[in-house]
Structures are given as structure tokens and as C-alpha cells.
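One letter stands for each residue in the lines below.
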Amino acid sequence: MKIFQPNWVHHDEKSIFSIDIHPSGERFATGGQGCDSGRVVIWNMAPVLSEQAEANKSVPRVLCQMDNHLACVNCVRWSGNGLMLASGGDDKLVMIWKKTLSGSGGGIGAFGGGGGKSVEHWRCISTLRGHAGDVLDLAWSPQDRWIASCSVDNTIIVWDAQQFPKIVHVLKGHTGLVKGVTWDPVGKFVASQSDDRSLKVWKTTDWSCFKTITEPFEECGGTTHILRLSWSPDGQYLVSAHAMNGGGPTAQIIERDGWKCDKDFVGHRKAVTCVRFHNSILKRSAPKTNKLQQYCCLAVGARDRSLSIWLTALQRPLVVIHDLFQDSILDLSWSCDGYTLLTCSGDGHIACLQFTAQELGTPLSEEDKNILYQRMYGKNANIDLTAQAEKEMIVENSDFLNVSKSNPLPPTLIPQQQQQQPQLGGMRQDGAGKVVQPASQPAAAIKSSSSLAAPTPILKQIETKTADGKRRITPMFIPLNDDNGPASHATNNIMPSSIEFGSKSSETSTVEIKQRAHEEPTIIPPPAERATGEPTSKLDNRLKKMATAPPQKAEPMTVPTDPQQQQQQQLSAPSSTIQPAANQKLMDRTRQPATYPTGKATVIQGHSFKAFGEVRVQIQNNTVKTSYGTLSRVVGVVVTAQRVERKLWETVVGSPIVCFAVGAKYAIVCSQDHTIRMVDIKTGTPVFPVLSLTSPAVLSAFSSNSQLAGVVTESGILRIWSVPEKAVLLSTSCAEIMSGSFVTILHVSDKGMPFIVLSNGSSYSYCRKLDSWMLINSSDPVIRHGLIGNKTNAPVRNIKTYPLSTIQSYGSFSGPKTNSFAELHSASWQTSAAIAFIENQIKICEMIASPAELKYWYSMLGFQLALNGSEEKIRQVLDDLLGASHNSLDPCRTLAGDDADDRSVLGISKQLLMEDVLNHLKTQTKWQRIYTEYLDQLKFLKERDGGRDKPLME
């Protein structure tokens, strides 16, 4: 045995709390305190093991230094495959690091650290937030399926290592600081040790507490910084830290067979802080009998600064080393070959111990290890035990034979063929100079310039063939855009650089401008949601750089600068543009000072216009002075393709105008004196007599078909009129939901359904059948959880096709707080909340008549039920979709009118919705009997009805 201490391994004289050797044995990691933050360093193993390499200056010692933790790092652990490194610290975070190509996203400072260039580059691929206190220990599960972290918040969090940062479960039960965690190598248990003088064993099948052991720890006094326990590689022994026997400190041996605690490792003078089993089962011939022995090797470190090495085949320690450091031993790590042990201390130094095969023995081969596991547990040592139950389930339905075993992917709201349409084709402007897109090209298809250059894999569809030769297209998932995710800039670069009114930029836009007044616009995010945050209108650059000839007749106009009006225009302004001639330009306009919405009616300053098709309605406040008072002008102008303006009509209003809206046939003008005027857009003729409400309007809007018009007043009164019928369609008040806020966005659907967004981010829609407001979005935890878990990579802004998703995209609520994240993501809470949210989304879609979104949310319901649902809930949903068709299986019963109505929802056959749910159930073998049962019923209904719907399960 050799012992040496490489003095060049240090953290600038600060403490080193953790050490771990890479599975390849080529590098090791240390974690501890840096100069002003937590520090993780990856070192080269060669200079530690070889004096020649240590003396060679061309051999690097530090491979990478990461100072990203905000506080001391308490633990570092390599994954079993060596691809990832996990670190946990006093900043309550667990960071997952992965090696990248040189210079591909790392460097000095962020990932290089130190003062020199990094030899290797390691990038933090995920930050796990969930603990409310310092993270003290980490442990990867067998096969790297999960990683467990423990903290001073008395909990252990099990994270899904295949879907970071997903939380699998939060283990609660300790009443003191949890300072150590380790996995059963068989994968059946995970164990934790706490300051509450207990050791708990948890089952991985349902994450319940299987065993609590307290007897060896009842006499323990004081505490240690960590309690790193360890499980033997054969799974037979669990050894704890800091136990007591007869008043002396021990490392308690807990046998798997009956969880007996009648053996321990003794000899240390102070509390045991850490234990670490050798990674392999060892073998050698017994000295006297020459009989083959199989045993495990264990290293024990304590506060008395001593280290002991034990073999389970011996009753005494193999070696004891006293005063190895000047402070407590805090961590231990064995190399993969089993002959090197590294240990670290609170004094900021490490030590290396090298053994020989004669001293320790020879590791068992993988074949012998599998034979041993098969004899003990009836399982192979390398099998993924977490998926064993489902894998061993007998497949009873042939539809399950060809199902992909990869993680199922959620459905997408926007069909793939729409997502893959050209990004910039058909863009146009409305009358206020905003660029909008036809409804035939959904907003989610708009990408940043970087995404155009490098298409992402999500645009590829997965096609498989079943045994009978049928093609199946797997629904593709649009990745979540977390608040902290890298894709958050996607909506900030939607268009090529556009020029503000009054801008001097000479850049030229490539956006093609066409007149498409009959198409419904897809909404570009409002200015408040863009990176610039400037509430100014945008204009195609070419319109600023035309030739010199001015239009034959035009008066100076300004665009609305009120962000409240701009957001409103994006939802309500009909799409229309004007084709500029090659030898003309727009007149210069003066940009007014920006004003921000306050919920109060604000007089439009200067001049403004809105357009629909070739017709503009211009507002000029306080421009006519008379002896009776000041008048405001409302002018209708038609603009030809040659950019010639021709006045159609003109009228005057006796009170300043605060808001107006323009539709295909009508314009609504709202004044400060509480009056409302509806005029014909072509003639200026009044459609209604002048109406008066109790307070001035702050927002006005037309439906997309321009048949309905709505206003919201300062006091919250909401009116919607059917203009052709000259009748009120809805009269209600928003006051009951405003609660100190005010309305910032108003949209009226073609069916007269109002949608409003409040200044506090909440949104509502009024249901006349229920005579109540329906909650669309708010700070409610269930809604926040549901929206964050289901949002696409870009906000959906197509109010006609996807009204619910569009309105919900205007919410500004953040994700969960750090100290509540664990609770929000506990498995039982998350499943019930997700299903409750989805079912509410379905009911809203039914009320607002949104068939495309209804189909999507039924598909999402099937996806959630397949993953986490119960049999009772699945049957309830499927029975509901069978509906009257299910009851009418009785041949004596005739199909009544009500039954016929019950066969579809919003024109979508319930059978098709049921097929979608069944397709998701088919991804989980455990639901195969329910799948077969309901598929048979569905086939019967199809045959009875003559296959009126599309082919079954295609």
C-alpha cells in the first residue's frame, strides 16, 4: 500500500467537502469552498498516480474549474456511465454538468474558471431547484435512472435523470437534517440518514418508507457535517455513519436479511462521518484453507482524522491510518479498478491510497456477478429494475407489440404540416403599421433567424409500420419553453428588423406586403412582451424608403402610442394592407410621447387612423374651433393601390374621442362624454343613434366577421351589439372580477363570446348560458402548473382558430417559487392537478366553441391518463366518450334526437376522440386490457354505424 498527498490539489486553502473518481479512472472531481463562491474542480488523475506525469509540465493537472454555485459545494458525484457530474451545495441547488466540445459553450469564468484556459469544457445542462435548504449529499441510482439529493430541509428528492428537472418524488418523514443518501445496488431501496437519530429505508416501487432504524443511534450526541452511508455492492449490507455502541462511536452494519443491527465497525475515537464501499465484489483464496472467498471492502472516515479499511471476510480492519489530515475526513471514493482510494478533509487537502491485488483481492467478473445476483435476487445485475414490472408483463394484445419503448411524447396543438410552412410568406400589415400573419400560417411556425438556419429535430415526424402494414405517425412534442429555458428568446426575434415611425434606419425589410382583407390575422406578440419593451408601432422598412412623390391628398397622422390600444389592435384590428407604389413614400409622422394604460379613458392625442382593406378611418381630436365649443373630426378615406387618398366622408363629434375600432362594414367611435357612435365605414352614415353609457369606453372591438361590436367602459360595463340586427347581444359588468385592476385587452368572437385580459394578468370569458364569467388564466396554482407544463415553444397567437391558447398566452405569471417547488411537483399533487386542469380546459373549449383546441386537450387528457391515471378515471373518461352510443347498444332502443346530439362535441365525433385516447393508452402495457375492452366496443359501434367516421385507429 502507498499513501501520498498531492499538495497541488487544493481549493485556494479552502475546505474540500467532497471527492469522487470518474468511472474511467482518468479524472476525479472535488467540491468545496472557492474564493467567493462554491467551487467544483475536475482534476487529471495521471499526475496523482504517476510521479513522472506529475513532474511533466505538459501534463495538465486542472482539467476544468466551475465556480457557478453561489455557496459552498457539499457533494460531487459522477453518474455510472461517466457522462454527467452532479454537484450540490449550500445555495440549495443541484447542478448537472456534461462535457462539451472545446469552445462550444464554455470558457474561462463560466466553465473554465481559474485564471487559465480550460483543458476540458463542462457545461451545466440542468439546474435542479426543489430544496428549501442546503444540499448535503447526492447519489445516482443503478443504471443512472434517478438521482437522489438530501438536504437540511428534512427531505430527499428523487429526480428523473432522463427528464431533468422532473421530480419523481419527494421523500418526507425525517424530522431532522438529512445528511446522507445511498441506493440499494439491486434498485429496490434507497436509504437515508438524518440528524433525527434515525436511518430510513424507502421502497422505489411506491416511494413509501419501508423501514425506520433508530436503535443504533439513540446514544448519539452532537452532530457531524455529513452522514455519508453506503450500501455494499452485493446488496446484503447497509453501513451507516455516526452510530454508538457502549458509549463508543461505530459504523453500524445493517443486514438486508431482517434488517438486523447486531454488528458494527469499531475502533474510531470520534464520530464516523463517511463510509464508502468498494465498487466491486472481491474474491481471493483463504490463507489457510485455500477456499475461494467472496467479500466486500469498505473504507471508513471519522472526525478523529483517521481512516480504516475493512473486509467483510475479516473481523479486524485491514489497515488503520491515524492523523491522516489536520481536520475531519469528509468523503471517500474508490476507483473503478478498485485499487485506488481518494479521500478529502475539511483542512483543504486530499490523500491517495494505492493497494495491490494481493492486499484487497480480485474484483468479480461481470459474469460471476450476474450469477451471484441471480442466485440472491433472481435478477441480472445490469437489468433496469425500475422498468422490470412492465417489461415482464405478458403482452395480450398484438397492438402493443410494435409500440415504441421510448418515452411517449405529448400531442401538439398545431398540426405538423402547418408548423413546417414557410416562415415569412404572406406577412402583411394592418392600418396601424403592425406586421401580422394570415391564419393559414399559425404563429407557432414563426421562428427566429437562427432556427431558420438550423432546423431542430422536432420538425421531423416519426413514422412506424405495424405488423399488418399500416402506417402510424407519432405525435411530436413542441418542447416546453421554461421561464429560465434557452428558447425564451424565440418570440423576440419573430420578424426581420422593423422600423419605428420617425426612425432614421435605412435597413430594408424582406417581408412581402399583400392585401388580404378577408383573412383572419395571427397575432404577433404585443410590444410589452418583446425584448425591447418599446410600446411603439412598427412599419415595413420599404414604406419608409420610397421615392419622393407624396400622395396627392394626405393629412399628417400619428399612430396610437398607447400600449393598451396597441395590444387591443393586435387582437381586434382586421387585416388589411396597402400596396405602395414604387415612386411614392408615406409622409413623415411625429411620434407622440408613450403613455401607459391606466384603465381610464384617455383622449387620443394628435391624429390617428385605423384601416380595414382599402378604407381608413382617421381621427383628429379638437381640430375644429366653434363658438359652441371644440369639435373632433372623423374622416373616411379610401387609399388606392397607387397610394392616392380620396376622402369618402367626414363627420364631426362634439367630444374628444378616447377609442375607436374599424371593421369590414362599420366603425365604432367612443367619446369622452360617455357617448358611442356606430357609423357605416363607406358612407359615414350612422347605424345606431348616439348611445350613452354611465362612463366613457376604454376599449372597443369588432368580431372577426365584423358583425358584432363590443365596448368596455371605465366602470367595467361590457356591451356587445349585433350591428346588422341593431340589437344588444350581451349586457353585463366586469366589475365583479376586476378587483382593483382594469381591462387591457378585449376580443369579441364571431359567436358573441367576449374575452378580456386584466392588468393583473388574469383573463376571463363570459358565458351567457351560465350567466357567469369563466376563468381563463390567473395566479391559481393549478392553472399555473398546467400552463407551464403544457405551453409550446412559442406563444400561440391565432385568436380565431385557437382562442383559448391565445388569451392564455397573455398571462404574465411566473413559475413556482424555489421553496415550494418540491411540493408542487410531488407525484400525487402533480397528477391530480394536471388532470383537473386539462378537464377544465375541455369544458372551456366546449363553451367557447373551439373544436381544434377541444381535440388537442382530449388528446392531452389521454396522454396524462396513460402515464399517471388510475383505472377508475380512465374508465370514466372512456364511458363518457361512448355516451349515448354506448347505451344504445340495446337493439330495442331507437336513436333519439338527443342521442344523436350526444354522438359528437362541437362537430367532432366522440368516437374519434375516444380513438385518440386509446392511442395514448396503447403506449403503456399496463392498460392493455382496458384498451382491448374499449376497442372492441368501439369496433362494434363502427360496424353498426357503417364506418361513417374515418378508419379505426389509423
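Rules used throughout
Residues numbered from 1 in each chain as written. Predicted model: local features only at pLDDT ≥ 70, side-chain atom pairs only at ≥ 80, totals over all residues. Heavy atoms only, no water. Helix = DSSP H or I, 4+ residues; strand = E, 2+ residues; numbered from the N terminus. Buried < 20%, exposed > 50% of the residue type's maximum accessible area, 1.4 Å probe, protein only. Contact = heavy atoms within 4.5 Å. Areas by Shrake-Rupley, 256 points an atom, 1.4 Å probe, with all protein chains shown as cover. Pairing = 2+ DSSP bridges. Axes fitted to C-alpha atoms, helices over the stretch in contact; angles between N-to-C directions. Parallel < 35°, antiparallel > 145°, perpendicular 65-115°, else oblique. Left-handed = near helix turned anticlockwise from the far one by under 90°. Nonpolar A, V, L, I, M, F, W, Y, C, P; charged D, E, K, R; others polar.

## Digging into the overall build of the protein
Then, in step 1: Helix and strand counts for the protein come out as 18 helices and 57 strands.
Then, in step 2: For the protein, with 954 residues in total, the buried portion stands at 54%.
Then, in step 3: Long-range contacts, defined here as pairs at least 24 residues apart, represent 58% of the contacts in the protein between residues at least 6 apart.
Then, in step 4: About 40,400 Å² of surface is accessible on the protein, with carbon and sulfur atoms providing 50% of the total.

## Here we look at the sheet that holds strand E43 (residues 645-653)
Think of a sheet as strands paired side by side through backbone hydrogen bonds, with each pair either parallel or antiparallel.
Then, in step 1: With respect to topology, four strands assemble into an open sheet ordered E40-E41-E42-E43, the strand pairing being antiparallel. Two strands in the sheet have a free side with no partner beyond their single neighbour: strand E40 (607-612) and E43. In this sheet, adjacent strand axes meet at a mean angle of 25° when their direction is disregarded.
Then, in step 2: As judged from the six bridges shared by E40 and strand E41 (residues 615-626), these two strands associate in the antiparallel manner. Looking at the pairing, His607 lines up with Gln620 of E41.

## Some words on the sheet that holds strand E25 (residues 292-295)
Then, in step 1: The strand order across the open sheet built from three strands is E25-E24-E32, with neighbouring strands paired in antiparallel fashion. Each edge of the open sheet is held by one strand with a lone partner, namely E25 and strand E32 (362-363).
Then, in step 2: Here strand E24 (residues 282-285) pairs with E25 via four bridges, running antiparallel. Counted as the bridge partner of Ser285 is Leu292 from E25.

## A look at the packing of helix H14 (residues 851-868) against helix H17 (residues 910-921)
Then, in step 1: Two numbers describe how H14 lies on H17: the axes approach to 8 Å, and their chain directions differ by 30°. Taken as axis vectors, H14 and H17 run roughly parallel relative to one another. The crossing of H14 and H17 is right-handed. Here Lys855, Tyr858, Ser859, Gly862, Phe863 and Ala866 of H14 lie close against H17, whose contacting residues are Leu913, Asp916, Val917, His920 and Leu921.
Then, in step 2: Taken together, the residues of the contact of H14 with H17 break down into six nonpolar, three polar and two charged.

## As for the pairing of strand E4 (residues 38-44)
Then, in step 1: In terms of burial, E4 is a largely internal element, seven of the seven residues being buried.
Then, in step 2: Where burial is concerned, the two faces of E4 agree: the one with Gly38, Val40, Ile42 and Asn44 and the one with Arg39, Val41 and Trp43 are both buried.
Then, in step 3: With seven bridges connecting them, strand E3 (residues 27-33) and E4 associate as antiparallel partners. Paired with Gln33 across the bridge in E4 is Gly38.
Then, in step 4: Here E3 folds back onto E4 in antiparallel fashion, the turn holding four residues.
Then, in step 5: Bridge count between E4 and strand E5 (residues 62-66): four bridges; the pairing is antiparallel. Opposite Val41, over in E5, you have Gln65 as the bridge partner.

## Some details on unusual backbone geometry
Then, in step 1: For the bond from Phe164 to Pro165, the omega torsion is 5°, close enough to zero to count as cis.
Then, in step 2: Relative to the helices and strands, Pro165 is located in the loop between strand E12 (155-160) and strand E13 (167-172).
Then, in step 3: The phi angle at Lys92 is positive, at roughly 70°, despite the residue not being glycine.
Then, in step 4: With respect to the helices, strands and loops of the structure, Lys92 is situated in the loop between strand E7 (84-89) and strand E8 (93-100).

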